[in-house]
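Fold and geometry: a report
So the chains spell out like this:
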Amino acid sequence: MEEKQPSAVHKISKIISDFFNPLVSLFIFFLYSSLRNSSFHNSFTYFLPILLMIIVPVIVWLVWNVKTGRYTNMDVSNRVQRKTLYIFIGICVIAYIGFNYFKNGLIDLVMLFILILLLALQISNYFIKSSMHTAFNIFVAALFFSLNTTFGTAWLGIAALVGITRIILKRHTPKEVFMGAAIAFMVSFLYLYCNIQFQH
């Protein structure tokens, strides 16, 4: 029997879902925010620790766990397998927050709220496998919104599109996507509120 080929909608959904995964979306935001108002040297100094302490280790962790069979895929679709992913990313984020605090004497607000989002997703994961793709893209929309309302609104549209692709690809049910979105909206609201307070 001939194997059924994926439809055009399925293929497009996979491209969108793969491209706008949490790491790439955060990478785009950090690149934009670091280059926005700084010289290349200052941007590089800000972005390099994030790249080396969070983005690269998480990519290596994902690839290694997929290759050794601990994770089924790079999306870590399995709810049980996902627990260790949240813990590892959390450790990387805490390490960066500590490094940044000792270096600059400040708590990085964005990273603090990424940690809060991870914690909320980890708690949710005990009950329902919330969509990490949807949650992080909504939070990235909030991050962009704090710098540029047009970009923030556009990214919210991207987040909605990503949520739809997760359902089409059967990585998540509609309930799991809505749960991820609900968690992200709560954390995003708190982030935007705190961001406004600290600016005054």
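These figures come from a predicted structure and were not determined experimentally.

Turning next to the side chain of S13. Relative to the assigned elements, S13 resides in helix α1 (residues 8–19). Looking at S13, the relative accessible area reads 4%, which means it is buried. At 2.8 Å, the side chain of S13 and the backbone oxygen of V9 are in polar contact.

The next point concerns the packing of helix α2 (residues 22–36) against helix α6 (residues 132–147). For any two helices packed against each other, the geometry comes down to the angle between their axes and how far apart the axes lie. α6 packs onto α2 with a crossing angle of 10° between their chain directions and a minimal axis gap of 9 Å. The angle between α2 and α6 places the two elements in the roughly parallel class. Each of P22, S25, L26, I28, F29, Y32, S33 and R36 in α2 lies in contact with α6, whose residues at this interface are M132, H133, F136, N137, V140, L143, F144 and L147. Counted by class, the contact of α2 with α6 contains 11 nonpolar, four polar and one charged residues.

This part covers the packing of aromatic side chains. Think of a pair of aromatic rings as described by two things: how far the centres are apart, and how the planes are tilted against each other in angle. In this structure the tally under the stated criterion is 16 aromatic pairs. Taken together, a centroid distance of 5.5 Å and an interplanar angle of 50° make the contact between Y32 and F144 tilted. Here the residue Y32 occupies a position in helix α2, and F144 occupies one in helix α6, the gap between them amounting to 112 residues. The exposure class of Y32 is partly exposed, given its relative accessible area of 22%. A centroid spacing of 6.5 Å and a plane angle of 45° characterise the contact between Y96 and F99, whose relative ring orientation is tilted. Remark: F99 and Y96 occur in helix α4 (residues 79–104); sequence separation between them is three residues, near one turn of the helix. What makes Y96 buried here is its relative accessible area of 1%. Here the aromatic residues F19, F20, F29, F30, Y32, Y46, F144, F151 and W155 are joined through ring pairs into a cluster of three or more.

Parts of the prediction with low pLDDT should not have their coordinates interpreted in detail. Averaged over all residues, the pLDDT of the protein chain is 90; the fraction at 70 or higher stands at 96%. The lowest-confidence element of the protein chain is α2, averaging 87 in pLDDT; the highest-confidence one is helix α7 (residues 149–168), averaging 96.

Criteria and cut-off values
Residues numbered from 1 in each chain as written. Predicted model: local features only at pLDDT ≥ 70, side-chain atom pairs only at ≥ 80, totals over all residues. Heavy atoms only, no water. Helix = DSSP H or I, 4+ residues; strand = E, 2+ residues; numbered from the N terminus. Buried < 20%, exposed > 50% of the residue type's maximum accessible area, 1.4 Å probe, protein only. Polar contact = N/O pair within 3.5 Å; in protein donor to acceptor, adjacent residues only side chain to side chain. Axes fitted to C-alpha atoms, helices over the stretch in contact; angles between N-to-C directions. Parallel < 35°, antiparallel > 145°, perpendicular 65-115°, else oblique. Contact = heavy atoms within 4.5 Å. Nonpolar A, V, L, I, M, F, W, Y, C, P; charged D, E, K, R; others polar. Phe/Tyr/Trp six-rings, centres within 6.5 Å; stacked < 30°, edge-to-face > 60°. pLDDT = per-residue confidence, 0-100.

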